[in-house]
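# Structural characterization, general
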Amino acid sequence: MLTYTTIMADSETLECVTEHERILQEIESTDTACVGPTLRSVYDDQPYAHKRFMEKLDARIRNHDREIEKMCNFHHQGFVDAITELLKVRADAEKLMGQVTDTNRRLQEAGKEVTARTEEVVCCRLQQRNMATTVERLQLCLPVLEMYSKLKEQLQTKRYYAALKTMEQLENVYIPRVGQYRFCQIMAENLPRLRDQIKEISMSDLKDFLESIRKHSDKVGEAAMKQAQQHRTFNSAVARQGSAGPYSRPLFTLNGRGREALNGQALDDMVEEEEEVLTAQDLVDFSPVYRCLHIYTILGDRETFENYYRKQRKKQARLVLQPQASMHETVEGYRRYFNQIVGFFVVEDHILHATQGLVTRAFTEELWNMALSKIIAVLRTHSSYCDDPDLVLELKNLIVIFADTLQGYGFPVNRLFDLLFEIRDQYNETLLKKWSLVFREIFELDNYSPIPVETEEEYKLVVSRFPFHDAEIEKQDFPKKLPMSQSVPQIYTQVKEFIYASLKFSESLHRSSTEIDDMLRKSTNLLLTRTLSGCLQNLIKKPHIGLTELVQIIINTTHLEQACRYLEDFITNITTVSPEAVHTTRLYGLSTFKDARHAAEGEIYTKLNQKIDEFIQLADYEWCMAESDGRASGYLMDLINFLRSTFQVFTHLPGKVAQTACMSACKHLSTSLLQMLMDSELKQISMGAVQQFNLDVIQCELFASSEPVPGFQGDTLQLAFIDLRQLLDLFMVWDWSTYLADYGQPTSKYLRVNPTTALALLEKMKDTSKKNNIFSQFRKNDRDKQKLIETVVKQLRSLVNGMSLHS
C-alpha cells in the first residue's frame with residue numbers, strides 16, 4: 001500500500017513537473033498580454049502547485065543568467081578592442097574639424113560680395129516680374145474700366161437698353177477675368193443696384209406714358225372717329241354715285257330736302273380730308289412702352305412688366321368708362337365719353353400689333369367685353385334721362401360712328417346695335433312725349449266747330465293737308481262748312497311729321513326696308529293707340545268740354561278713322577314695302593278712334609246724368625204735405641225742357657248714340673227719383689207727397705212717350721220708369737192684397753216692385769200716420785184696416801227675410 005501511494009505520488013509529481021515545463025515554454029514564447037490566462041492555470045491546479053512552479057521558475061531564471069554570463073564573457077575582448085580603436089580616431093577627427101572650420105571661414109569671407117550682388121539681382125528680377133504682372137493686370141482691367149465708363153455715359157444719356165447690354169457684357173465677359181480685385185467686386189456689387197435704378201426709371205417713364213395717353217385718349221379717339229366717319233361718308237358717296245342713274249332720285253326726303261349726288265371734285269375733297277386725319281402714332285409717343293418692355297425682357301422680368309401694364313390699363317379702362325354725371329345733358333358729353341373709349345382701345349390695338357405679347361388678343365377681348373357691358377349699362381341709364389328727341393337722335397348717330405370705328409379695329413359691336421333698338425324705343429318715347437304736347441296744344445286751340453271755307457283756294461288748302469272727300473259738300477256753293485273742326489287736318493299733318501321723325505332714327509342701322517317699315521308702323525301705332533288716344537281721353541274728361549264739344553269730337557274721330565288708310569299708303573310710299581307683304585304690321589288707328597268715340601259717347605252719358613243730378617238737387621218736396629199741388633214740380637219741368645233741347649243737338653250723331661243717350665238719361669232720372677224716395681235721411685212721407693211725386697213721374701212718362709229721339713219702338717223708352725210706376729200705383733191704389741197674392745208670379749201686376757223698397761216706403765208712411773193722423777179715416781171707419789196695415793208690414797218683412805235666406 002505504501003508502495004502504491006508512493007508510486008501515485010511520484011506519478012503526480014511527474015505530471016506536475018511536465019505541466020510547469022509547458023507553462024514556462026508558453027510564457028517564453030507568447031506575448032506578454034496573453035500571460036494572464038497561462039499564469040491563472042497555475043493557481044487552478046493542485047494546492048501548493050504554485051510553489052513548485054515558483055521553484056521551477058527560479059531554476060529556469062538561474063539557468064538563463066548562466067547562459068548570459070557565458071555570452072558576455074565570450075564577447076568582452078572584442079568590445080575592449082573597439083573602444084581602443086575609437087580613441088585613436090578622435091584625434092584625427094578634431095584635426096579635420098579645425099581644417100573644415102578654417103575653410104568655411106575663408107569661403108564666407110570670399111562670398112560676401114557675391115552674395116550682395118546676388119541679392120541685388122534677385123531684387124531687380126522681382127521688380128521686373130512685378131512690373132510685368134502689373135502691366136498684364138492693367139491690360140486686363142482697362143477694358144473693364146472702359147466698359148464701366150461707357151455704362152456711366154449710357155446711363156447719363158438715358159440709353160438704358162444699351163446700358164443693360166453693357167452690364168451683361170461686364171458681368172459675363174470682363175469682370176470674371178479680373179474678379180479678384182476689389183474695385184471689380186465693388187463694380188459687381190453696384191451692377192444690381194444700377195439695374196434696379198434702370199427699372200425704376202423705365203417704370204417711371206411708363207407711368208408718365210400711361211398718364212399721357214390717359215389725357216390724350218380723347219384726341220386719339222376723336223381722330224379715329226373722324227377718320228371712320230369720313231371713310232363711311234366717302235363709301236356712301238361712292239355707292240350713291242355708282243348707283244345713281246339719269247332718272248334716279250332719293251326714295252324719301254327729310255324735312256323737305258333731298259340728297260344730291262356728289263361729283264368727282266367732292267369725292268377728291270373727301271379723300272384729301274381723310275388723308276389729313278392724324279393717327280394714334282402721330283399723337284402718341286409709344287417709345288417709353290417699347291423701351292420699358294425691352295428693359296424688363298433683358299432683366300428677365302417681362303412677366304412682371306406685362307402684369308403691371310395690364311393691371312394699370314384695366315384701372316384706366318374703368319376710369320375711362322366712368323361717365324360724368326351730367327353727360328346726358330348735351331351731345332358733347334356723349335362725344336367726349338366715346339372719344340375717350342375709342343382712344344383707349346385704339347392705343348391697345350396698336351400695342352397689340354406693335355409688341356409681341358405685351359397684350360394679347362384674349363386680353364383686349366376681355367377688356368372690350370368688360371367695357372362693352374359697362375358702356376351699354378351707362379348708355380341705357382343716361383339715355384333714359386334724355387327727354388329731347390333731337391339729343392337722342394344725335395346720340396344714336398354718335399353710337400353708330402362709335403360702333404363703326406371700333407368694328408374697323410376688329411372689336412365686335414353687335415350688342416351696340418342691339419342697344420340702338422332699345423334707344424330707338426327711348427327715342428320713340430321722347431317723340432311720343434313731344435307729340436303729346438303738340439296734340440294737347442292743338443286740342444286746346446281748337447274751337448270745336450265745323451271748318452268754314454270761303455273760297456276754292458281755302459278748300460284746296462284744307463284738302464291738301466287732309467284727305468277729305470264728300471260729294472255732297474263738294475257740290476255745295478261757297479261759303480260752306482266742312483263737318484270736322486280745324487284740329488283734324490292738324491292732327492293728320494302731325495302724325496306724318498312723327499313718321500318722318502321716327503324714320504330719321506332708322507337710318508344707318510343696317511336694316512332692310514321691311515324692318516324699317518315694321519319699325520315705322522309700330523311707332524305710329526304707339527302714337528295712335530297711346531299718345532293720341534290718351535290726349536283724346538284726357539280731352540274728353542276735361543270739365544270745360546260740354547256736350548256740343550263732345551259731339552264735335554265724335555265727328556272728328558270719325559273722319560280721322562277714315563283717314564287711317566291714307567297713313568298706311570304714306571308709310572308704304574316711304575319704305576316701298578307693299579302692304580300685302582306677309583309680315584307687314586297694320587295700323588291700329590281704327591280701334592283708337594273707335595275707343596275715343598266710345599269714350600266721348602260715355603262722357604256724353606255721364607254729363608247728361610250729371611246735369612240731371614244738378615236738376616234733382618233743386619227738388620224741394622214737402623214730404624209731409626196733406627195733398628198735392630195738382631201740377632208737376634218746377635225743377636222737373638225745367639229738366640224735361642233741358643233734355644228736349646239737348647237731344648235736338650244730337651241730330652248730327654249716329655242714331656244709336658242719340659237713342660242710347662236718351663235711354664241712359666231716362667234710366668238715370670228714374671233711378672234718381674227712386675233714390676230720392678228711399679233716402680235714409682227721409683224719415684216720413686205723406687200720401688199727399690206721394691201724389692205730388694206721382695204727378696212728376698207722369699211728366700217723365702209723357703216726355704218718354706213724346707219720342708224725344710226718333711228710332712224707339714213702341715213704349716221702349718217708357719219702360720225706363722216702369723219700376724217707379726208700379727211702386728206708385730201700388731201705394732196710390734193701396735192694392736196690397738194683389739201684390740202679396742201675385743208676388744213672384746211672372747204675370748204679377750207689380751212684378752217690378754221689390755219688397756224691400758215697398759217695406760221701406762210703407763214704414764215711412766206708417767210713421768207719418770201715427771203723428772199726423774193720415775190714417776185716421778181708417779181707424780174711424782174700421783179698426784180692422786189698421787190691423788191690415790200691420791199684417792202687410794209683417795208679410796213684407798217675411799218676404800224680405802225670405803229673400804235674405806235665399807241669397
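Next up on the list: the overall build of the chain. Helices and strands together make up the secondary structure of the chain, namely 28 helices and 2 strands. By residue count, 40% of the 807 residues in the chain fall in the buried class. Across the chain, the fraction of contacts at a sequence separation of at least 24, relative to all contacts at a separation of at least 6, is 79%. Element-wise, carbon and sulfur atoms account for 52% of the exposed surface of the chain, whose accessible area totals about 46500 Å².

Before going further, it helps to spend a moment on the packing of aromatic side chains. Per the stated rule, a full pass over the model turns up 26 aromatic pairs. Taken together, a centroid distance of 5.2 Å and an interplanar angle of 90° make the contact between F345 and W368 edge-to-face. Taken as a pair, F345 in helix α10 (residues 331-354) and W368 in helix α11 (residues 361-383) lie far apart in primary sequence, 23 residues in all. Assigned by exposure class, F345 and W368 land together as buried. Plain terms: the ring middles of W435 and F498 are 5.6 Å apart, the flat faces sit at 80° to each other, and that makes the pair edge-to-face. Taken together, the residues W435 in helix α13 (residues 414-445) and F498 in helix α16 (residues 487-506) connect sequence positions 63 residues apart. Take F498: its relative accessible area is 0%, and that puts it in the buried class. One aromatic cluster is present, built from ring pairs that chain together F731, W734, W736, Y739, Y743 and Y750. The ring centre of F363 lies 5.5 Å from the NZ or CZ of R310, which sits over that ring. Over the face of the ring belonging to F505 we find K396, whose NZ or CZ atom lies 5.9 Å from the ring centre.

As a rule of thumb, non-glycine residues mostly have phi less than zero, and peptide bonds are mostly trans rather than cis. The peptide bond linking F478 to P479 adopts the cis configuration, its omega dihedral lying at -5°. You can see P479 is positioned in the loop between α15 (471-475) and β2 (480-482). Positive phi is not limited to glycine here, since Y448 has a value of about 50°. Here Y448 lies in the loop between α13 and β1 (451-453).

The next point concerns a negative patch on the surface. Negative charge collects at one region of the surface, where D387, D388, D390 and E394 lie side by side. Exposure remark for D387: the relative accessible area of 60% places this residue in the exposed category.

Turning our eyes to something else, we now look at the confidence of the model for the chain. Per-residue pLDDT for the chain averages 78, and the proportion of residues at 70 or more is 85%. Note on residues 242-275: pLDDT is under 50 here. Beyond four places in sequence and across chains, it has 35 contacts.

Another aspect to go through is the side chain of K764. Among the structural elements, K764 can be located in helix α26 (residues 755-772). An unpaired buried charge is present at K764: no salt bridge exists, and D679, the closest side chain of opposite charge, is 6.5 Å distant. From its side chain, K764 meets the backbone oxygen of D679 in a polar contact 2.8 Å long. At 3.1 Å, the side chain of K764 and the backbone oxygen of L682 are in polar contact.

Following the criterion strictly, the structure yields 21 salt bridges and no others. Here E429 ties to R530 by a salt bridge, and the two come within 2.5 Å at their closest N and O atoms. Placement of the pair is E429 in helix α13 and R530 in helix α17 (residues 513-541), with a sequence separation of 101 residues. Of the residues examined, E429 reaches a relative accessible area of 26% and is grouped as partly exposed. Close ionic contact of R521 with D517 constitutes a salt bridge, the shortest N to O distance being 2.7 Å.

We now examine the environment of L673. As for its placement among the helices and strands, L673 is situated in helix α22 (residues 655-677). Between the C-alpha atom of L673 and that of D613, which follows or precedes it by 60 residues, the distance is 9.9 Å.

Bringing the state of the cysteines into the picture now. A complete count under the given rule lists 0 disulfides for this structure. Free of any disulfide, C662 has its nearest cysteine sulfur in C666, 4.4 Å distant.

A few words on the nonpolar core. Within the largest apolar cluster, 178 residues are counted, with the highest numbers of intra-cluster contacts made by W368 and I604. Among the nonpolar cores identified, the runner-up in size contains 20 residues, and M187, L191, L194 and I295 belong to it.

Here the focus is helix α19 (residues 564-575). If you check α19, its first and last C-alpha atoms are 17 Å apart, about what 12 residues at 1.5 Å a residue would give, namely 16 Å. Listed as buried for α19 are C564, L567, E568, F570, I571, T572, I574 and T575. Phi for T576, located one or two positions after α19, is positive at around 60°.

Our next topic: helix α9 (residues 302-321). With 20 residues, α9 extends 28 Å from end C-alpha to end C-alpha; this agrees with the ideal 28 Å at 1.5 Å per step. When α9 is considered as a whole, its buried residues turn out to be F305, E306, Y309, R310, Q312, R313, Q316, A317, V320 and L321.

Relative to each other, α9 and α10 sit at 160°, their axes nearing to 9 Å. With respect to α10, the element α9 is oriented roughly antiparallel. As for the relative orientation of α9 and α10, their crossing is left-handed in sense. Where α9 approaches α10, its residues Y309, R313, Q316, A317, V320 and L321 are matched on the opposing element by Y337, Q340, I341, F344, V347, E348 and I351.

On the surface, F79, V80, I83 and L87 cluster together into a nonpolar patch covering about 370 Å² of accessible area. Mapped onto the elements of the fold, I83 is located in helix α3 (residues 49-156).

Another point: the packing of helix α4 (residues 160-177) against helix α8 (residues 287-298). When two helices pack together, their arrangement is given by the angle between the helix axes and the distance between those axes. Close contact between α4 and α8 brings their axes to 9 Å; oriented N to C, the two are set at 15°. With respect to α8, the element α4 is oriented roughly parallel. For the pair α4 and α8, the sense of crossing is left-handed. On α8, the residues that touch Y160, Y161, L164 and K165 of α4 are R291, H294, I295 and I298. Considered class by class, the residues forming the contact of α4 with α8 number 5 nonpolar, 1 polar and 2 charged.

Here the focus is the environment of F647. Relative to the elements of secondary structure, F647 occurs in helix α21 (residues 634-649). On the basis of relative accessible area, F647 is assigned to the buried category, the value being 3%. Each C-alpha atom of the pair F647 and P708 lies 6.7 Å from the other, and the pair is 61 residues apart in sequence. Ignoring any residue separated from it by four or fewer positions in sequence, one finds F647 in contact with L608, A661, C662, A665, F703, P708 and V709.

So, on to the side chain of S533. Within the secondary structure, S533 is located in helix α17. Apart from residues lying up to four places away in sequence, S533 is in contact with L527, L528 and T592.

Further remarks concern the environment of R291. Mapped onto the fold, R291 is located in helix α8. On a C-alpha basis, the gap between R291 and S202 in space is 7.5 Å, while along the polypeptide they are 89 residues apart. Residues within four places of R291 in sequence aside, it is in contact with Y160 and D205.

Conventions and cut-offs
Residues numbered from 1 in each chain as written. Predicted model: local features only at pLDDT ≥ 70, side-chain atom pairs only at ≥ 80, totals over all residues. Heavy atoms only, no water. Helix = DSSP H or I, 4+ residues; strand = E, 2+ residues; numbered from the N terminus. Buried < 20%, exposed > 50% of the residue type's maximum accessible area, 1.4 Å probe, protein only. Contact = heavy atoms within 4.5 Å. Areas by Shrake-Rupley, 256 points an atom, 1.4 Å probe, with all protein chains shown as cover. Phe/Tyr/Trp six-rings, centres within 6.5 Å; stacked < 30°, edge-to-face > 60°. Lys NZ or Arg CZ within 6 Å of the ring centre and 35° of its normal. Patch = residues over 30% accessible without salt bridge, like charges linked within 9 Å, V, L, I, M, F, W, Y side chains within 5 Å. Salt bridge = Lys/Arg side-chain N within 4 Å of Asp/Glu carboxyl O. Lys, Arg positive; Asp, Glu negative; His and termini not counted. Charge placed at Lys NZ, Arg CZ, Asp CG, Glu CD. pLDDT = per-residue confidence, 0-100. Polar contact = N/O pair within 3.5 Å; in protein donor to acceptor, adjacent residues only side chain to side chain. Disulfide = S-S within 2.5 Å. Core = buried A, V, L, I, M, F, W, Y, C linked by side-chain atoms within 4.5 Å. Expected span 1.5 Å × (residues − 1). Axes fitted to C-alpha atoms, helices over the stretch in contact; angles between N-to-C directions. Parallel < 35°, antiparallel > 145°, perpendicular 65-115°, else oblique. Left-handed = near helix turned anticlockwise from the far one by under 90°. Nonpolar A, V, L, I, M, F, W, Y, C, P; charged D, E, K, R; others polar.

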